[in-house]
Amino acid sequence: EPPKIRLPRHLKQTYTRRVGETVNLVIPFQGRPRAKVSWQKNGSPIDKNQINIRNTENDTIIFIRKAERSHSGEYDMKVEVENLVDKATIDIQIVDRPGPPEVVTIDDVWGENVNLSWKPPKDDGNAAITGYTIQKADKKSMEWFTVMEHYHRTSATINELVIGNEYYFRIFAENICGLSEDATMTKESALIAKDGKVYKYPVYDDFDFSEQPLFTQPLVNTFAVAGYNATLNCSVRGNPKPKITWLKNKVIIMNDPRYRMFSNQGVCTLEIRKPSPYDGGTYTCRAVNELGEAEVDCKLEVKGKG
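Residues numbered from 1 in each chain as written. Predicted model: local features only at pLDDT ≥ 70, side-chain atom pairs only at ≥ 80, totals over all residues. Heavy atoms only, no water.

**Observations regarding the sheet that holds strand S14 (residues 155–158)**
Okay, so step 1: Read across the sheet, three strands follow the order S10-S11-S14 without closing on themselves; strand pairing throughout is antiparallel. The open sheet terminates on both sides in strands that have one partner only, identified here as strand S10 (104–110) and S14. On average, each strand axis in the sheet is tilted by 20 degrees relative to the strand beside it, whichever way the strands run.
Okay, so step 2: Direction of pairing for S10 relative to strand S11 (residues 113–118): antiparallel, over a ladder of six bridges. From the neighbouring strand, Ile106 faces S11, where its bridge partner is Leu116. (Pairing = 2+ DSSP bridges. Helix = DSSP H or I, 4+ residues; strand = E, 2+ residues; numbered from the N terminus. Axes fitted to C-alpha atoms, helices over the stretch in contact; angles between N-to-C directions.)

**Things to note about the sheet that holds strand S21 (residues 230–239)**
Okay, so step 1: An order of S19-S21-S25-S24 is seen for the four strands of this open sheet, with the pairing classed as antiparallel. The outermost strands of the open sheet, each flanked by one partner alone, are strand S19 (211–217) and strand S24 (259–264). Adjacent strand axes in the sheet meet at a mean angle of 25 degrees, parallel and antiparallel pairs treated alike.
Okay, so step 2: Relative to strand S25 (residues 267–272), S24 runs antiparallel, the two sharing six bridges. Pairing of Arg260 across the sheet is with Glu271, part of S25.

**With respect to the environment of Ser70**
Okay, so step 1: The topology assignment puts Ser70 in the loop between strand S7 (59–64) and strand S8 (73–81).
Okay, so step 2: Residues Ser70 and Asp108, 38 residues apart in the sequence, show an inter-C-alpha distance of 42 Å.
Okay, so step 3: Beyond its immediate stretch of four places on either side in the chain, Ser70 contacts Lys41 and Gln50. (Contact = heavy atoms within 4.5 Å.)

**What to know about the domain arrangement of the protein chain**
Okay, so step 1: When its domains are assigned, the protein chain resolves into domain 1 (4–95), domain 2 (103–192) and domain 3 (211–303).
Okay, so step 2: Put simply, the middle of domain 1 and the middle of domain 3, counted by C-alpha atoms, are 55 Å apart. (Domains from an automatic or database assignment.)

**Thoughts on the pairing of S25**
Okay, so step 1: By the criterion of burial, S25 is predominantly enclosed, with five of the six residues buried.
Okay, so step 2: The turn linking S24 back onto S25 is made up of two residues, and Gln265 within it adopts a positive phi angle of 50 degrees. (Buried < 20%, exposed > 50% of the residue type's maximum accessible area, 1.4 Å probe, protein only.)

**Side note on a positive patch on the surface**
Okay, so step 1: A cluster of basic residues, Lys4, Arg6, Arg9 and Lys12, forms a positive patch at the surface.
Okay, so step 2: Among the structural elements, Lys12 can be located in the loop between strand S1 (4–5) and strand S2 (15–18). (Patch = residues over 30% accessible without salt bridge, like charges linked within 9 Å, V, L, I, M, F, W, Y side chains within 5 Å. Areas by Shrake-Rupley, 256 points an atom, 1.4 Å probe, with all protein chains shown as cover. Salt bridge = Lys/Arg side-chain N within 4 Å of Asp/Glu carboxyl O. Lys, Arg positive; Asp, Glu negative; His and termini not counted. Charge placed at Lys NZ, Arg CZ, Asp CG, Glu CD.)

**Observations concerning the pairing of strand S9 (residues 84–95)**
Okay, so step 1: In terms of strand pairing, S2 meets S9 through four bridges, oriented parallel. Among the inter-strand pairings, Tyr15 is bridged to a residue of S9, identified as Ile92.
Okay, so step 2: Two strands pair when backbone bridges link them, and S8 and S9 are joined in this way by nine bridges, in the antiparallel orientation. Pairing of Lys78 across the sheet is with Lys87, part of S9.
Okay, so step 3: Taken together, S8 and the strand that follows it, S9, pair antiparallel across an intervening segment of two residues, in which Glu82 is found at a positive phi of about 50 degrees.

Okay, structure coming up:
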């Protein structure tokens, strides 16, 4: 029986998997007496430590426990029976989220509009870039809002900005795996001038807006009455925006329905629902970003009713 590879239909086009996923491909073939099966990747022998290949009399299995981008490539399969040969090629593509755009610049500011342009990311995640997400932030709050999603071009006009405000912009890249983890921000800001004249500010490379967390308003020791909701408040600033964690007696508060946590414009609030004397103790608010961390704490005392 001459050798014949029965390549499954889904392997006749590029086989795509995400980084970290499992690859498990079964390719049946026929041929008697027992066929000899061999594999190559991009023209070289396959590294058995990286990729598991198991052959039986009538199929061959490629198994990769956790796919990495280096596993991408053309896999050539050869089945031989005596002097007869059949060949097949499988194209495997392992993809990941892309990097952020290279650089984002403000090209023009007029009226209530800003023209932006940017360069595609250096790292496309091994998959075509399908679009960009554009966000704006008012310099006063530095809170980010999305103005465009799944946008295909590398230049855009942002409209309906508020006169008198000053804006920064940042852009994420997107492929089939999702958005880039980071965004690229404009180095300069755009002032939407009242008289429609003034343009963007000059770039100061040495001026860095990054700032480690700093509490501008501490927590205050608080008395509460059992059965009545109590709230603890403090204020923090930092850039990138700090991640807030609350602790009670040095233990992180996790998924406890008796607590609600809010964070808005840098004001951090912990609400304790209908506390009992048991809820008294030392409460800590911790703010962390990549530049450092800061903590403030206070004591909460809960008195019984009446």
